[in-house]
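# Observations on the model geometry
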Amino acid sequence: MRTRRLGAVLGVLCAVGCRGDIAPEGSRGLPPQGDPIDDSERGAAPGLGGRGGAAMIGGAGGRSPATPGTEAVGPRLRRLSPAQLTNTVTSFLLGRAAVAARSAPPVPFASPLSEDTASPDRFTTFASTVTITDLEVARVIAAAESIAGTFVSRQRADGATCLARATTADLSACVAGIVADRGPLLVRRPITTDELAGARRLVDESLAAGAGIDAAAALPFAALLGSPHTLFQIELGRRGRLDTFELASALSFALTEWPPDEALWAAAADGTLADAAVRRRHVERMAAAASPIIARFVREYFGYAAALDVFKDVAGHDAAALVADTDALVRELATRNLRAGFFGEI
């Protein structure tokens, strides 16, 4: 029974949350965004550059041919860290207001993704050496089913939602409306008309097969929660550029480990994030949340937490206190110097 359930959910992942191989521009069906970002401006976006990408879904990795005098960046993936995935799921459950509040998960949620710092580069955000194992795939599917069921139960208990009063006749339309509203919090871009049609089809087919309202309603949400578009930052880098939604995700995850908040999402949606001055204002606005991320980077870069594994037969030696004091110092320095120093160099 468990095997059949896993297979069923795996089979629908691409019905809502996945559109197959990354294809040439114009074949994805994405709505047009604001002016794309020139590759020469990547230095203004923390987390965009470096060695962490160029992996393609369903194709060979590597860089696309470069225009003379310009480096062109091909499609690439960055796997979300466990913290980023937890925050993404939290925003889906609570809505975008949870992003600004940095809310705790409303239900117990243990990320199905493992924290991997065993690579030679030792960084938790170095995605090119991080894959999703078979065990993690099974965990992702189980977590997707569980969270989707919880989400539907919460929606059904809320008298203000359409799911609270939905019947088999109007269930697919109700679910599609919620997918259009909450789905972008998971995949960090607008949901397409094809994906909405896929969600309705999943619900209708599930009802026709004898499923109850709760089970049928949960299926599209499970598909979204387990989709590669949720688990990865997918950057197409068309002609060496990012669209505004890809850029919003890169900025937000790099600085806050959360999906884009209302203000950043609005700038991506209306295209104004393509303007360098607008990007700078958003970076400075989110700077207050960045010090823990910078502190984690410094800790992993210098590896001073390894002091916890060093034995010293010295009276009064407290490795844990030394590490904690260093963490506090780095956070304080980051907080004081974010705008004047760190972001002044971006």
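Residues numbered from 1 in each chain as written. Predicted model: local features only at pLDDT ≥ 70, side-chain atom pairs only at ≥ 80, totals over all residues. Heavy atoms only, no water.

### A word on the packing of aromatic side chains
All chains considered together, the criterion is met by 6 aromatic pairs. Centre to centre, the rings of Tyr301 and Phe302 are 5.0 Å apart; their planes meet at 85°, and the pair counts as edge-to-face. (Phe/Tyr/Trp six-rings, centres within 6.5 Å; stacked < 30°, edge-to-face > 60°.)

### Quick look at the nonpolar core
Core analysis: the biggest nonpolar cluster contains 42 residues, and Leu163, Leu171, Val175, Phe221 and Leu225 have the highest contact counts within it. Secondary structure elements with two or more residues in this core: helix 2 (82-94), helix 4 (134-157), helix 5 (171-187), helix 6 (193-208), helix 7 (213-225) and strand 2 (232-235). Leu251, Leu255, Ala268 and Ala334 belong to the second largest nonpolar core, which has 22 residues in total. (Core = buried A, V, L, I, M, F, W, Y, C linked by side-chain atoms within 4.5 Å. Buried < 20%, exposed > 50% of the residue type's maximum accessible area, 1.4 Å probe, protein only. Helix = DSSP H or I, 4+ residues; strand = E, 2+ residues; numbered from the N terminus.)

### Here we look at the state of the cysteines
Applying the stated criterion across every chain, the model contains 1 disulfide. Paired through a disulfide, Cys162 and Cys174 show a sulfur-sulfur distance of 2.0 Å. Of note, the bridge from Cys162 to Cys174 carries an S-S torsion of about 80° and is right-handed in sense. Of the two residues, Cys162 sits in the loop between helix 4 and helix 5 while Cys174 sits in helix 5, which places them 12 residues apart along the sequence. Judged by its relative accessible area of 27%, Cys162 is partly exposed. (Disulfide = S-S within 2.5 Å.)

### Quick word on the packing of helix 10 (residues 262-269) against helix 11 (residues 276-285)
Remark: helix 10 packs on helix 11, axes separated minimally by 11 Å, with the N-to-C direction vectors making an angle of 165°. With respect to their mutual orientation, helix 10 and helix 11 come out roughly antiparallel. Of the two possible hands of crossing, helix 10 and helix 11 adopt the one that is left-handed. Contacts between helix 10 and helix 11 pair Ala263, Leu264 and Ala267 from the former with Val278, His282 and Arg285 from the latter. Residue classes in the contact of helix 10 with helix 11 are distributed as 4 nonpolar, 1 polar and 1 charged. (Axes fitted to C-alpha atoms, helices over the stretch in contact; angles between N-to-C directions. Parallel < 35°, antiparallel > 145°, perpendicular 65-115°, else oblique. Left-handed = near helix turned anticlockwise from the far one by under 90°. Contact = heavy atoms within 4.5 Å. Nonpolar A, V, L, I, M, F, W, Y, C, P; charged D, E, K, R; others polar.)

### Looking at the confidence of the model for the protein chain
Confidence in the prediction for the protein chain averages 74 pLDDT; 69% of positions are at 70 or higher. Within the model, the stretch residues 1-72 combines pLDDT values under 50 with 142 contacts to residues more than four positions away or in other chains. (pLDDT = per-residue confidence, 0-100.)

### Here we look at the pattern of salt bridges
A complete count under the given rule lists 7 salt bridges for this structure. Between Arg79 and Glu136 there is a salt bridge, and its shortest N-O distance comes to 3.4 Å. One end of the pair, Arg79, is in strand 1 (residues 76-79); the other, Glu136, is in helix 4, with 57 residues separating them in the sequence. Neither Arg79 nor Glu136 differs from the other in exposure class; each is buried. Here Glu284 makes a salt bridge to Arg280, at a shortest N to O gap of 3.2 Å. (Salt bridge = Lys/Arg side-chain N within 4 Å of Asp/Glu carboxyl O.)

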